[in-house]
Amino acid sequence: MTGRRELFLQEMGLGPVWRARSAPVDASDMGGVGAMDWAGLKAAVAGCAACELHRTRTQTVFGVGDENADWLFIGEAPGADEDAQGEPFVGQAGKLLDNMLKSIGLKRGENVYIANVVKSRPPGNRNPLPGEIAACLPYLRRQIELIQPKLIITLGKVASETLLGREATIASLRGKLHTYQGIPLIVTYHPAYLLRTLQDKARAWEDLCLAKQTMQDLCSKDSATL
Ligand code: URA
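Residues numbered from 1 in each chain as written. Predicted model: local features only at pLDDT ≥ 70, side-chain atom pairs only at ≥ 80, totals over all residues. Heavy atoms only, no water.

Asks: Go over the layout of surface pockets, please, and point to the residues and values.
Replies: Put simply, the largest pocket is a space of about 950 Å³. Lining the largest pocket are 37 residues, and of these Glu76, Asn127, Pro128, Val158 and His190 sit closest to its centre. When contributions to the lining of the largest pocket are tallied by element, the ones reaching two or more residues are helix 3 (80-85), helix 4 (92-103), helix 5 (130-147), helix 6 (157-164) and helix 8 (191-196). In terms of residue class, the lining of the largest pocket is made up of 17 nonpolar, eleven polar and nine charged. (1 Å grid on protein atoms, 1.4 Å probe; cavity = no way out; pocket = protein on both sides within 12 Å on 5 of 7 lines; lining within 4 Å. Points joined across faces, edges and corners; volume = space filled by probe spheres on them. Helix = DSSP H or I, 4+ residues; strand = E, 2+ residues; numbered from the N terminus. Nonpolar A, V, L, I, M, F, W, Y, C, P; charged D, E, K, R; others polar.)

Asks: With reference to specific residues and values, describe unusual backbone geometry.
Replies: Unlike most non-glycine residues, Asn111 shows phi in positive territory, near 65°. For Asn111, a relative accessible area of 28% corresponds to the partly exposed category. Of note in this structure, Gln148 is not a glycine but carries a positive phi near 50°. (Buried < 20%, exposed > 50% of the residue type's maximum accessible area, 1.4 Å probe, protein only.)

Asks: Now, about the pairing of strand 7 (residues 183-188): what can you tell me, with residues and values included?
Replies: Each regular strand displays side chains that alternate between the two surfaces of the sheet. The element strand 7 is largely enclosed, with a buried count of six among its six residues. Residue alternation in strand 7 divides its side chains into two sets, Ile183, Leu185 and Val187 and Pro184, Ile186 and Thr188, and both sets are buried. Looking at chain direction, strand 5 (residues 151-155) and strand 7 are connected through four bridges and run parallel. Paired with Thr154 across the strands is Val187, a residue of strand 7. (Pairing = 2+ DSSP bridges.)

Asks: A description of the nonpolar core should follow, citing residues and the corresponding values.
Replies: In terms of nonpolar packing, the biggest core is built from 62 residues, with Trp71, Phe73, Ile74 and Ile144 touching the most fellow members. The biggest single contributor to this core is helix 5, with eight residues. Apart from the residues lying within four places of it in its own chain, the contact partners of Phe73 are Leu97, Leu101, Leu106, Val112, Tyr113, Ile114, Ala115, Ile153 and Leu155. (Core = buried A, V, L, I, M, F, W, Y, C linked by side-chain atoms within 4.5 Å. Contact = heavy atoms within 4.5 Å.)

Asks: Give a description of the state of the cysteines that names residues and reports values.
Replies: Taken as a whole and judged by the stated rule, the model has zero disulfides. Of all cysteine sulfurs in the structure, the one in Cys136 sits closest to Cys48, which takes part in no disulfide; the separation is 6.1 Å. When its relative accessible area of 13% is taken as the criterion, Cys48 is described as buried. (Disulfide = S-S within 2.5 Å.)

Asks: Quick rundown of the site of the ligand? Include the residues and the values.
Replies: The local shell around the ligand consists of Gly75, Glu76, Ala77, Glu82, Pro88, Phe89, Asn116 and His190. Glu76 places a main-chain nitrogen or oxygen 2.7 Å from an oxygen atom of the ligand. Between the ligand and Ala77, the relevant distance is 3.0 Å, taken from a nitrogen atom to a main-chain nitrogen or oxygen of the residue. Alone, the ligand offers 240 Å² of accessible surface; in the complex the protein occludes 92% of this. Spatially, the ligand is embedded in the largest pocket. The class makeup of the residues in the shell around the ligand is three nonpolar, three polar and two charged. (Near = heavy atom within 4 Å. Polar contact = N/O pair within 3.5 Å; in protein donor to acceptor, adjacent residues only side chain to side chain. Areas by Shrake-Rupley, 256 points an atom, 1.4 Å probe, with all protein chains shown as cover. Sits in = over half its atoms within 2 Å of the grid points.)

Asks: Report on the packing of aromatic side chains, specifying residues and quantitative values.
Replies: One pass over the full model with this rule turns up four aromatic pairs. Put simply, the rings of Trp38, Phe62 and Tyr113 pair up and form one aromatic cluster. (Phe/Tyr/Trp six-rings, centres within 6.5 Å; stacked < 30°, edge-to-face > 60°.)

Below you can see the structure in the form of structure tokens.
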């Protein structure tokens, strides 16, 4: 972390916060998702037929980890491995994500929750369509409300644009502190992209360092107010 960035963090009581100009993508609260507990939410996702993806999926992929986690990592949508196993990030990209977690002292399931924007696999691993994202978003929003993470890390363009409610490149979004519903949010590259684009791994490492520093700042701010 640079001294300048530290100064910013101190002056702002946390850090520079870039806010979305428009409201995040929203969808109607179908079936009272916004009031569901974990069990209700898991059942609703498992039986969801709100978009066409339910016709081609093997199973939904709800999310995995500590339901009281400080750290929430959000990806795009399940791929073939995740569709088969019912858990996010279990393929090659998942191995890299596990290593990214390890590099900052984290481990899947231990104070970490991992979820996707879309809970059903788009066929052929295509990007989820806007309608599919909108149909699934109430589930992610409720997961975030229930977890109440201290920090959200969005992995790649789909998760970042969805949570921030605007179109932008990862290059323009990373390296800054954003917020989602008042929760600090940091953007980084999707692990699948990093597997293909080795030269951006160093930037992803910077993002992870920013995330770690931000979490430390948030925790020390919390303990100072106790
Ligand atoms: N890519 C994602 O965005 N999510 C997964 O769960 C797997 C791959």
